[in-house]
Amino acid sequence: MDDDELLFREAVKGARPLQSSKVTFTPPRPKPIPKQFIRDERQALIDSLSDHYIPAHELESGEELLYLREGQSPAILSKLRRGHWVVQAGIDLHGLVVDEARLYVAEFLADCKKRGIRCVRIVHGKGLGSRNREPVLKHKLRSWLMQKDEVLAYAQARATDGGSGAVIVLLKA
């Protein structure tokens, strides 16, 4: 016998065998999934964006989308239009109906806020596939973005970033 075996036998010399040969293991129960909370949060996101919001003021020049939150410097808008900030994230609303797009935008903005993302691009399309060839989501998106506190400004994307079919949004840091 070597030293390790002698040490082991010395350590367990007074031990008695277990009476039962069965060992039961009960794994810890998983945490419950708060399904109602998740549904409530999703509905709150949907409800936070109304299609009937009309702002006190907005900067529109023809069909170009422009918006600057009250109290912000006009320099922000000109920097945004020139592509001063790097677009850090983006989504594409092509193929979505209004309700799907509203939820997608709300969830996207909430996620960007959590991740500290400052500049995003939202592609809404030009409406060429719409019933009247009108950009439905473009006008809805304008209203939705103005309702979100985290949106400081937005402007139509430069031609290289989607032109009149996309918008660049600057979010609070």
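A brief look at the structure comes next. Fair warning: this is a prediction, and the values are worked out from it, not measured in the lab.

A few words on the nonpolar core. Grouped together as the largest cluster of nonpolar side chains are 23 residues, with contacts concentrated most on Phe108, Val120, Ile122, Leu145, Tyr154, Val167 and Val169. Those elements that provide at least two residues to this core are β2 (64-68), β3 (89-92), α4 (98-115), β4 (119-123), α5 (136-147), β5 (151-156) and β6 (166-171). Those residues in contact with Val167, other than ones at most four positions away along the chain, are Leu65, Val120, Arg121, Ile122, His124, Leu141, Leu145, Tyr154, Ala155, Gln156 and Ala157. Counting residues in each nonpolar core, the second largest holds 14 residues, with Ile76, Cys119, Val123 and Ala153 among its members.

Let us now look at the packing of aromatic side chains. Scanning the model with the defined rule gives 1 aromatic pair in all. When the centroid spacing of 5.3 Å and the interplanar angle of 25 degrees are considered together, the rings of Tyr67 and Tyr154 count as stacked. Taken together, the positions of Tyr67 in strand β2 and Tyr154 in strand β5 put the pair 87 residues apart, joining distant regions of the chain. Of the two residues, Tyr67 and Tyr154, neither departs from the other in class, the shared state being buried.

The next thing to look at is α5. If you check α5, its first and last C-alpha atoms are 18 Å apart, about what 12 residues at 1.5 Å a residue would give, namely 16 Å. Turning to α5, its buried residues number three or more, namely Leu137, Lys138, Leu141, Ser143, Trp144, Leu145 and Met146.

Attention shifts here to helix α3 (residues 74-82). Taken together, the buried positions of α3 are Ile76, Leu77 and Leu80. Looking straight down α3, one finds that the buried residues subtend no more than 95 degrees of arc, so they occupy a single side. Within α3, the exposed residues directed more than 90 degrees away from the buried face are Pro74 and Arg82. Two residues or fewer past α3, Gly83 is found with a positive phi of approximately 80 degrees.

Tallied over the full model, the rule gives 6 salt bridges. For Glu10, the salt bridge identified is with Lys13, shortest N-O distance 2.9 Å. The exposure class assigned to Lys13 is exposed, which follows from its relative accessible area of 63%. Each member of the salt-bridge network shares a partner with another, and the members are Arg121, Arg158 and Asp161.

The next point concerns the pairing of β5. Within β5, 5 of the 6 residues are buried, leaving the element largely enclosed by the surrounding structure. With 5 bridges connecting them, β5 and β6 associate as antiparallel partners. If you follow Ala155 over to β6, its bridge partner there is Ile168.

Now for the packing of α4 against α5. As a packed pair, α4 and α5 sit with axes 11 Å apart at the nearest point and diverge in direction by 40 degrees. Classified by the angle between their axes, α4 and α5 sit oblique to one another. The two elements α4 and α5 cross, and the hand of that crossing is right-handed. Between α4 and α5, the contacting residues are Val98, Ala101, Arg102, Val105 and Leu109 on the first element and Val136, Leu137, Lys140, Leu141, Trp144 and Leu145 on the second.

What counts and how
Residues numbered from 1 in each chain as written. Predicted model: local features only at pLDDT ≥ 70, side-chain atom pairs only at ≥ 80, totals over all residues. Heavy atoms only, no water. Core = buried A, V, L, I, M, F, W, Y, C linked by side-chain atoms within 4.5 Å. Buried < 20%, exposed > 50% of the residue type's maximum accessible area, 1.4 Å probe, protein only. Helix = DSSP H or I, 4+ residues; strand = E, 2+ residues; numbered from the N terminus. Contact = heavy atoms within 4.5 Å. Phe/Tyr/Trp six-rings, centres within 6.5 Å; stacked < 30°, edge-to-face > 60°. Expected span 1.5 Å × (residues − 1). Arc of directions from axis to C-beta. Salt bridge = Lys/Arg side-chain N within 4 Å of Asp/Glu carboxyl O. Pairing = 2+ DSSP bridges. Axes fitted to C-alpha atoms, helices over the stretch in contact; angles between N-to-C directions. Parallel < 35°, antiparallel > 145°, perpendicular 65-115°, else oblique. Left-handed = near helix turned anticlockwise from the far one by under 90°.

These figures come from the coordinates and say nothing about function on their own.
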